[in-house]
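Coordinate inspection notes
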Amino acid sequence: MKTSSLRIAAVLLVLFLATTGGLASAYDAHPRLVVVIVIDQFRGDYLERYRDQFGEGGFRLFLDHGAYFTDCNYNYANTYTGPGHATLFTGTYSAGHGIMANEWWDPQKQRMVTSVEDDTTTLVGSASPQPGASPHNLLSETLGDVLKLSTQGKSRVFSISLKDRAAILPGGFSADGVYWVDPNTGNWITSTYYRAALPPWVQDINSRLQKEVATGKDSTGKALPGKSPRELAATPAANDEEFNLARELIVQEHLGSGPATDLMAISLSANDILGHRVGPDAPEMQAMALAMDKQLADFFAFLGRQIGLANIWIALSADHGVAALPSVASKLRIPAANMDDARLRAQINDSLTTKFSPGHRAEYVAEVDYPVAWLNDSAFAGVHVREQEAEQAVGDALLAAGLRSYFTRTQLARGEAPNTPFGHKFLNSYSPHGGWYVIGVPPPYYVGSPSGTSHGTPYSYDTHVPLALYGVPFQPGTYRAHSEPVDLAVTLASLLGINAPSHAVGRVLTEALADRASRPRTATGGAR
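Residues numbered from 1 in each chain as written. Predicted model: local features only at pLDDT ≥ 70, side-chain atom pairs only at ≥ 80, totals over all residues. Heavy atoms only, no water.

Evaluated as defined, the whole model comprises 23 aromatic pairs. Ring plane angle 50° and centroid distance 5.1 Å describe the contact between Y76 and Y93, whose orientation is recorded as tilted. Taken together, the residues span a long stretch of sequence, with Y76 in the loop between β2 (67-73) and α4 (81-90) and Y93 in the loop between α4 and α5 (94-97) at a distance of 17 residues. Owing to a relative accessible area of 0%, Y76 belongs among the buried residues under this scheme. Since its relative accessible area comes to 3%, Y93 is described here as buried. Three or more aromatic residues link up through ring pairs in this structure, and these residues are F42, Y46, Y50, F54 and F59. (Phe/Tyr/Trp six-rings, centres within 6.5 Å; stacked < 30°, edge-to-face > 60°. Helix = DSSP H or I, 4+ residues; strand = E, 2+ residues; numbered from the N terminus. Buried < 20%, exposed > 50% of the residue type's maximum accessible area, 1.4 Å probe, protein only.)

Moving on: the pairing of strand β10 (residues 262-268). Most of β10 is tucked away, with seven of its seven residues classed as buried. Burial along β10 is two-sided: the residues D262, M264, I266 and L268 and L263, A265 and S267 are all buried. Here strand β1 (residues 33-39) pairs with β10 via seven bridges, running parallel. When the sheet's bridge partners are listed, V34 is paired in β10 with L263. (Pairing = 2+ DSSP bridges.)

On to the packing of helix α11 (residues 270-278) against helix α12 (residues 283-306), then. Two elements in contact, α11 and α12, have axes separated by 10 Å at closest approach and are oriented at 165°. Here α12 runs roughly antiparallel to α11, going by the angle between their axes. Seen along the crossing, α11 lies across α12 with a hand that is left-handed. Across the interface between the two elements, A270, N271, L274, G275 and V278 of α11 pack against E284, M285, M288 and M292 of α12. Here the residues of the contact of α11 with α12 sort into six nonpolar, two polar and one charged. (Axes fitted to C-alpha atoms, helices over the stretch in contact; angles between N-to-C directions. Parallel < 35°, antiparallel > 145°, perpendicular 65-115°, else oblique. Left-handed = near helix turned anticlockwise from the far one by under 90°. Contact = heavy atoms within 4.5 Å. Nonpolar A, V, L, I, M, F, W, Y, C, P; charged D, E, K, R; others polar.)

The biggest cluster of nonpolar side chains holds 131 residues, and the ones touching the most others in it are F59, F299, L303 and I314. It is α12 that provides the largest number of residues to this core, a total of nine residues. Other than its neighbours up to four places away in sequence, F59 contacts I39, F42, L47, F54, A289, M292, D293, L296 and L316. Within the second largest apolar cluster, 26 residues are counted, among which are L344, V365, V385 and V394. (Core = buried A, V, L, I, M, F, W, Y, C linked by side-chain atoms within 4.5 Å.)

Here we come to the sheet that holds β1. If you walk across this open sheet you meet the eleven strands as β6-β5-β9-β8-β7-β10-β1-β11-β18-β2-β19, and the pairing is mixed. In this open sheet, the two strands that pair with only one neighbour each are β6 (131-133) and β19 (477-479). Adjacent strand axes in the sheet meet at a mean angle of 25° when their direction is disregarded. The sheet contact formed by strand β8 (residues 177-181) and strand β9 (residues 188-191) spans two bridges and is antiparallel. Across the sheet, V181 pairs through a bridge with W188, a residue of β9. Helix α8 (residues 200-215) contacts β8 and β9 of the sheet and is inclined by roughly 140° relative to β9.

And the structure:
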């Protein structure tokens, strides 16, 4: 009888430990909050490049106390902001989530549209005549959407960024709040897709920002590093404002205090805005990275005080990398060049006019966003040319302009690409959005801007990004096995005890998971 009672007590103890520890999940708010930080245009080698210059508590939280994956690469060719953010939060590539570019040609509207533009909505907090924005072009739900579905809406999801697409696509369809910046005024805005009016606390922040812009000084009296919102967007001050909004959002919306796990996405855009101008090797980029290190340390310290880092999981990644400035590469005798989209478009249209309508010039290519060409199907219809022939003709014109190869929308829709790692990158770049298009394959270090540098290619300098995770489930260490950004959403979903997003193709990063049975759970406290 005594032995039986001991066995029952042992079983109850095991069940208690399993309930409070090993089986804890999003359903019982373990962790209380997941924070995903995406740094726009933060190449995978930056963490090593500046590692010995980082202080404690910022990037070193991941490098010294987190699971840090050094060989994380996007497995697609369209390395842009919109696709990158969609990929990180859906766990799939453009062929699954549908976002293949920041903007594309709309055959019905006969103009370029953004990846988040939505005529059925209007902007909130902005006097701009531009239409509102939403995630309506996504073909897959996000991690946040699954989290809210799984907890019957008890989890709360918020997303912020300077850029609309970098805020909207991570937030997904069901986000409770998504905020981005009006580039003309510097105010935080949203869309009627999410709410009819800005919350009072966001309005208060905007009032402060307008006073600072008017006086040229921040709230401490220090001079701002720019005279306009657009100038400030390329400085560390822009990241300060994002973190200020994030702190206030956490406090005002009581994140991390509900019955289920909450999710917050923060996309830091200033790095990209500056990087396009000066390139990855400029001292200004080093200064931006070191300033960001301090900003992250301050934000993590706030999270520790507000919620306790033992109750939070934090992930870090980027939406894409960037090429070296062509002028820098050329000095090392590496072939490189700046390309002019407008000039290339004119060159292609001249060639196609000669081929299809001599003496009657037509705009067969509506837009070029190097190395992608968006076709004007109406122009081709006027000369009775069907899509497949039209795309092949544009592809041949791209070859004549110096590109190495090309893939047409028709080819990709049929799955017609070489069964090679390179071919798979282009299959993963396919989307049904955008009408007719051709994706060119440029030579390395040929970038689509007449000055500065850019991204948007399948090459390692564009695909290589950091991936790091911090929190109780993750075994600290440096992991050099191959990983991909699609693994992030899948890994977090598995640990939260919820389904992965519907189109997810990533894997669970099991090599970085700690033995939870041997690791006691701490209710409060700071970093491990």
